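Each chain, letter by letter, is given below.
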Amino acid sequence: MKLDEFLRLNAPDDLAALTSAIAAASLGVWESVPFKSGLLSETNPSGETQKAIDVFSNDLFVDALTSTGLVAEVASEEMEEPVVSKGSVSVAMDPLDGSSNVETNNPLGSIFGFYTRKLPASGRALAGALYVTYGTMVTLTFSFGKGVHRFVAVRDGSAMSFQLLGVNLKIPEKPEVYGFGGARADWIPPVSAFWHSLEPRGLRNRYCGTFVGDYNQVLARGGIFSYPALTKKPRGKLRVLYECAPMAYINEQAGGYASDGSGNILDIEPAGLAETAPLYIGSAGLVRELEGSISSKQRAP
Ligand code: AHG
Ligand code: MN
Ligand code: MN
C-alpha cells in the first residue's frame, strides 16, 4: 500500500497532509546531504555558497509544512523563534538529527511532533509524531495515536514513493541492545551502575551517535537508549520539544516507556522551546528499573 492511501484511511486529514509533505521533503534532504554537508562543494545559480545541511533541512521542511496552510507554527531546533502561519497544528521539529555524523555516513534522522497547543507544550498535547531514518533505507516511522506504522522509500519509475513496511510495530519487552550517549565518566552514578549491569545480563552495546538511529534499533530489538543526566549537565542534552517528547510518544504507542529519571517524559511541561531533559527510552520494564534506581538514589539523604 502506498503512503497517501494508508494516510487517507488511517490519519486525521491535516496530519495526513503534513505527513505527505514531510515524506516528499525528506527525499530532498536525503538527496542533498552530499552537497550541503561540505563533502562536495556546490553553489547556487548566483554563485553563492550553499547553506549547511542543518539549515538547509530546516528551510526545506519549514517550506513544505507552511505551504500546506495547515500549521499554526513551526518550531525547530535550528531556529530561535517559530515560523508562524495560519493553520491549526503546532509542529516542533529536529530537521536533521545526528548531523555531526554526516562525514562518517552514520545514520541520520529528522524528528517531528504534531502538537494541538501553542508551543512550548507538554508531550500530552501531541496528536502524532514521526521520525525519518536516513540509513541503508529511508523510512518514515509514525503514529497518530493508533499504533506505530512504517513506510520505506522505493524507486517508482523515474521517481520515489513510500511503500508500507509494517503496521502496529511493538517494541520487544525482552531487551537485546543498549546505547548510552555522553562520556561515561560524566554519567550520574546510578546510570553508570545500571550500564555496567547490562552486558552480564546478555544485552549488547549498540551505539552510533545519532538518537534516531540508536532508538530505531531499540524499537526493533528491545532494550534502552539514553542520553543521560551528566554530573555537570543534570538536564542532559536532548531537547524535550523537538527530540524527547515526539520519540517518547512513538515509543509509548509501541508499548514502551520513556523517562527523564523521575517520571514520564510526556508529562514534562517545558518552560522554553529548547529545554532539555535526561532521556531513558525503550522497553518499559528496563526503563522503569533504571528510573527506580535513579529516583531512589536521588531520594537517599
Ligand atoms: P543533533 O544533531 O540534532 O544536534 O542531535 C545530536 C544528538 C543526538 O542525535 C545524539 O544522540 C547525541 O547528539 C550525541 O551526542 P554526543 O555527540 O555528545 O554523544
Ligand atoms: Mn537531534
Ligand atoms: Mn538536529
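Above this text you will find the structure in question.
Structural notes, computed from the coordinates. (Residues numbered from 1 in each chain as written. Chains lettered and ligands numbered in written order. Predicted model: local features only at pLDDT ≥ 70, side-chain atom pairs only at ≥ 80, totals over all residues. Heavy atoms only, no water.)

On to the site of ligand 1. Around ligand 1 sit 17 residues in total, of which E77, D97, G98, F211 and K237 are the nearest. D97 is positioned such that a nitrogen or oxygen atom in its side chain is 2.7 Å from an oxygen atom of ligand 1. The protein chains hide 79% of the 470 Å² of surface that ligand 1 would expose on its own. Elements supplying a minimum of two residues to the shell around ligand 1: β3 (89–97) and β11 (223–227). The element contributing the most residues to the shell around ligand 1 is β3, with 3 residues. By residue class, the composition of the shell around ligand 1 is 6 nonpolar, 5 polar and 6 charged. In this structure, the shell around ligand 1 is formed jointly by two domains, domain 1 (3–166) and domain 2 (177–299), each of which donates at least three residues. (Near = heavy atom within 4 Å. Polar contact = N/O pair within 3.5 Å; in protein donor to acceptor, adjacent residues only side chain to side chain. Areas by Shrake-Rupley, 256 points an atom, 1.4 Å probe, with all protein chains shown as cover. Helix = DSSP H or I, 4+ residues; strand = E, 2+ residues; numbered from the N terminus. Nonpolar A, V, L, I, M, F, W, Y, C, P; charged D, E, K, R; others polar. Domains from an automatic or database assignment.)

Across the sheet, which stays open at both edges, the 5 strands sit in the order β10-β9-β11-β13-β12 with mixed pairing between neighbours. A single partner strand is all that each edge strand has here, and the edge strands are β10 (204–205) and β12 (257–259). Relative to β11, strand β9 (residues 177–180) runs parallel, the two being bridged by 4 bridges. Within the sheet, the bridge partner assigned to G179 lies in β11 and is F225. (Pairing = 2+ DSSP bridges.)

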